[in-house]
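Chain residues, written in single-letter form:
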Amino acid sequence: MRTTLRGTAALSLMLAGGLAVTAPADAGSPVVISAVRYDSPGADRGGNKSVNAEYVKITNRSRSARSLTGWTLRDRTGHTFRFPAFTLRAGRSVLVHSGKGRATAKDRYFGLTWYVWNNTGDTAVLKNRAGKTVDTCRWSRLGAGHRSC
């Protein structure tokens, strides 16, 4: 039996009884990508409302606030959102929308005029301010348009 935990860079260990466990390089991070809506509802014809219906949900699972200042969220082709001065409160989430909008504690925006996330497969990568990958979320085909990570 193989158990895979979150993250891209991983360390595999063989435990007693033959159980292989894969641990992420930054297993201790309480800030994770918890969901991605990669397919905006309806036809992909653009427009800010439709582009903003595409988002990545980032969640702080700890009991204390975490600074995301300087952290990045990117896709595999290089679309990159960099968090300005921002603190994510304990137990809270923030949605990073693809389009334009006014930043709040619950919503942030890439500021783009077209979609970021590919419906047929992509990878969302969250890196801390030092450039270390904290979490990833992948999908490989068009499904419900939403992926829990």
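Refer to the structure above for everything that follows.
Residues numbered from 1 in each chain as written. Predicted model: local features only at pLDDT ≥ 70, side-chain atom pairs only at ≥ 80, totals over all residues. Heavy atoms only, no water.

S.K.: Describe in detail the overall build of the chain, supporting the description with residues and values.
M.R.: Along the backbone of the chain there are 1 helix and 14 strands. At a minimum sequence separation of 6, the contacts of the chain that also span at least 24 residues come to 53%. In the form shown here, the chain has an accessible surface area of approximately 8200 Å², with 51% of it arising from carbon and sulfur atoms. (Helix = DSSP H or I, 4+ residues; strand = E, 2+ residues; numbered from the N terminus. Contact = heavy atoms within 4.5 Å. Areas by Shrake-Rupley, 256 points an atom, 1.4 Å probe, with all protein chains shown as cover.)

S.K.: Talk me through the sheet that holds strand β11 (residues 107–109); I want residue IDs and the actual numbers.
M.R.: Paired through backbone hydrogen bonds, the strands of a sheet run either parallel or antiparallel to each other. On the basis of which strands lie adjacent, the open sheet formed by 5 strands has the order β11-β10-β5-β4-β14 and mixed pairing. Of all strands in the sheet, those bounded by a partner on one side alone are β11 and β14 (146–148). On average, each strand axis in the sheet is tilted by 25° relative to the strand beside it, whichever way the strands run. Here strand β10 (residues 93–97) runs beside β11; their pairing, made up of 3 bridges, is parallel. The residue bridging V96 from the neighbouring strand is R108, located in β11. (Pairing = 2+ DSSP bridges. Axes fitted to C-alpha atoms, helices over the stretch in contact; angles between N-to-C directions.)

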